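# Understanding the architecture of this molecule
Given next are the chains, with one letter for each unit.
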Amino acid sequence: TGTANFLNNWQLVTGTVGVNISEETSAVYDGTAAIRLTGDGSTFVRWRQVFDDSTNGTGASLDTFTQYAMNVYLRRDGIQAGAGTLQISLTDAAGNNVRDAGSNLNVKTIDLTQLTVNYTPYNVAFNTPAILPSSVYLDFQLTVPITANRQIYLDKAGMGLMSLCYASGTYLANFAGKVPFLI
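The paragraphs below set out a description of the structure included in this document.

### A word on the nonpolar core
Within soluble globular proteins, side chains that are nonpolar generally end up buried alongside one another. Counting residues in each nonpolar core, the largest one holds 30 residues, and the members touching the most others are Leu37, Trp47, Leu86, Ile88, Leu112 and Leu154. Among the elements of the structure, strand S3 (34-38), strand S5 (67-76), strand S6 (85-91), strand S8 (120-127), strand S9 (137-144) and strand S10 (151-161) are those that each provide at least two residues to this core. With four residues, the single largest contributor to this core is S5. Beyond its immediate chain neighbours, meaning those up to four positions away, Leu154 contacts Ala34, Ile35, Leu37, Trp47, Val72, Tyr73, Leu74, Leu86, Tyr119 and Phe140. Grouped together as the second largest cluster of nonpolar side chains are six residues, Ala27, Ala34, Tyr119 and Tyr153 included.

### Here we look at the sheet that holds strand S1 (residues 11-14)
Taken together, five strands build an open sheet; the order of strands is S1-S4-S9-S6-S7 and the sheet is antiparallel. The open sheet has two edge strands with one neighbour each: S1 and strand S7 (107-111). Averaged over all pairs of adjacent strands, the angle between their axes in this sheet comes to 20°, without regard to strand direction. Note: S6 against S7, five bridges, orientation antiparallel. Its bridge partner lying in S7, Gln87 is registered against Thr109.

The rules we used
Residues numbered from 1 in each chain as written. Predicted model: local features only at pLDDT ≥ 70, side-chain atom pairs only at ≥ 80, totals over all residues. Heavy atoms only, no water. Core = buried A, V, L, I, M, F, W, Y, C linked by side-chain atoms within 4.5 Å. Buried < 20%, exposed > 50% of the residue type's maximum accessible area, 1.4 Å probe, protein only. Helix = DSSP H or I, 4+ residues; strand = E, 2+ residues; numbered from the N terminus. Contact = heavy atoms within 4.5 Å. Pairing = 2+ DSSP bridges. Axes fitted to C-alpha atoms, helices over the stretch in contact; angles between N-to-C directions.

See the structure below:
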């Protein structure tokens, strides 16, 4: 419940702005703000963004049989959380995980108890199936609530197409860090 400018074009499914999910302007990786999740030990915070809907989500669309990469930087506050798991996935309108052509889930699970006080990149490859649901979402949700009074920070998230390195080879995606790469 609740809305905030930092969640423009995102749907907050579970949680409360200013309580479980907030804009963070101090502990940022890059830019002026990050997302702060504050644990209470019981709330399964969840927010998502729909593709191909520039009014309620993003105007970007997903293609079938395509590989995408998603990256986000994460860190914790000064004390390690005793519990917390973040799941990043592609879901349909009902919240079901979208499976790829091989029936594998398009999901990444991150153990938040293993975070440090330094931002670290976490990434996932998504493979779209032959037939996509009518609505597809990039979905972030806590599958294990964060320990009470612990904070997790998310910053500089991005998603894009992966590039085929060579015929019948591997796919690759690069994401910017804090310091520009110059040649």
